[in-house]
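The residues making up each chain are set out below.
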Amino acid sequence: MTGRGITPNLAIYRDLIYGFCGLRKSTEGERLMKEMVECDLMPDNEISMALINGYCEEGNFDEAESLLDYFAK
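Residues numbered from 1 in each chain as written. Predicted model: local features only at pLDDT ≥ 70, side-chain atom pairs only at ≥ 80, totals over all residues. Heavy atoms only, no water.

### Points about the packing of aromatic side chains
For step 1, the next point in the chain: Within the structure shown, the criterion is met by 1 aromatic pair.
For step 2, the next point in the chain: With a centroid separation of 5.2 Å and an interplanar angle of 75 degrees, the aromatic rings of Tyr-70 and Phe-71 are classed as edge-to-face.
For step 3, the next point in the chain: A residue is classified by how much of its surface remains accessible, and Phe-71, at 23% relative accessible area, is partly exposed. (Phe/Tyr/Trp six-rings, centres within 6.5 Å; stacked < 30°, edge-to-face > 60°. Buried < 20%, exposed > 50% of the residue type's maximum accessible area, 1.4 Å probe, protein only.)

Written out as structure tokens, the structure is:
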């Protein structure tokens, strides 16, 4: 995104992450979460729950648990 001159904010990241999780592409949503953290934007509860629920819906419980541990810090 930033390569195109767009400066994303928390709301943009949240919408994109929700979208990817809804498409069962939680790995891509997590990549965006890591990108936002690199830009000094902290994920909120909605983002964390979207990612955890997305991984659970995909049957990827190990990743969901890993994220749960990450957000618990």
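### A short note on the packing of helix α2 (residues 26-38) against helix α4 (residues 61-72)
For step 1, the next point in the chain: Direction vectors running N to C along α2 and α4 enclose 20 degrees, while the axes themselves pass 13 Å from each other. In terms of orientation, α2 and α4 fall into the roughly parallel class. Considering how the two elements wind past one another, α2 and α4 form a crossing that is left-handed. Each of Glu-30, Met-33 and Val-37 in α2 lies in contact with α4, whose residues at this interface are Glu-63, Leu-67, Tyr-70 and Phe-71.
For step 2, the next point in the chain: Here the contact of α2 with α4 is composed, by residue class, of 5 nonpolar, no polar and 2 charged. (Axes fitted to C-alpha atoms, helices over the stretch in contact; angles between N-to-C directions. Helix = DSSP H or I, 4+ residues; strand = E, 2+ residues; numbered from the N terminus. Parallel < 35°, antiparallel > 145°, perpendicular 65-115°, else oblique. Left-handed = near helix turned anticlockwise from the far one by under 90°. Contact = heavy atoms within 4.5 Å. Nonpolar A, V, L, I, M, F, W, Y, C, P; charged D, E, K, R; others polar.)

### Some points on the nonpolar core
For step 1, the next point in the chain: If you look at the biggest cluster of nonpolar residues, it comprises 12 residues: Tyr-13, Ile-17, Cys-21, Leu-32, Met-33, Met-36, Ile-47, Leu-51, Ile-52, Tyr-55, Ala-64 and Leu-67.
For step 2, the next point in the chain: For this core, the secondary structure elements donating two or more residues are α1 (10-22), α2, α3 (45-57) and α4.
For step 3, the next point in the chain: Of the residues forming this core, the biggest block, 4 residues, is contributed by α3. (Core = buried A, V, L, I, M, F, W, Y, C linked by side-chain atoms within 4.5 Å.)

### Description of the UniProt feature "repeat: PPR" (unreviewed entry) in the protein
For step 1, the next point in the chain: The feature "repeat: PPR" (unreviewed entry), as given by UniProt, occupies residues 9-43 and 44-73 in the numbering adopted here.
For step 2, the next point in the chain: Here residues 9-43 runs as 74% helix and 0% strand, with 11 Å between its end C-alpha atoms.
For step 3, the next point in the chain: Span residues 44-73 is 83% helix and 0% strand, its end C-alpha atoms 13 Å apart. (UniProt positions renumbered as here; feature names shortened; annotations may be inferred.)

### Notes on α1
For step 1, the next point in the chain: For α1, spanning 13 residues, the distance from its first C-alpha to its last is 18 Å, which sits close to the expected 18 Å at 1.5 Å a residue.
For step 2, the next point in the chain: When we look at burial in α1, the residues that qualify are Tyr-13, Arg-14, Ile-17 and Cys-21. Viewed along the axis of α1, the buried residues span an arc of 100 degrees, placing them on a single side of the element. Opposite its buried face, α1 presents the exposed residues Asp-15 and Gly-22, each directed more than 90 degrees away.
For step 3, the next point in the chain: Next to the buried residues of α1 lie α2 and α3.
For step 4, the next point in the chain: For α1, the side-chain oxygen to backbone nitrogen distance between the N-cap and Ala-11 is 3.1 Å, and the N-cap itself is Asn-9.
For step 5, the next point in the chain: Looking one or two places after α1, you find Arg-24, whose phi comes out positive at around 65 degrees. (Expected span 1.5 Å × (residues − 1). Arc of directions from axis to C-beta. Polar contact = N/O pair within 3.5 Å; in protein donor to acceptor, adjacent residues only side chain to side chain.)

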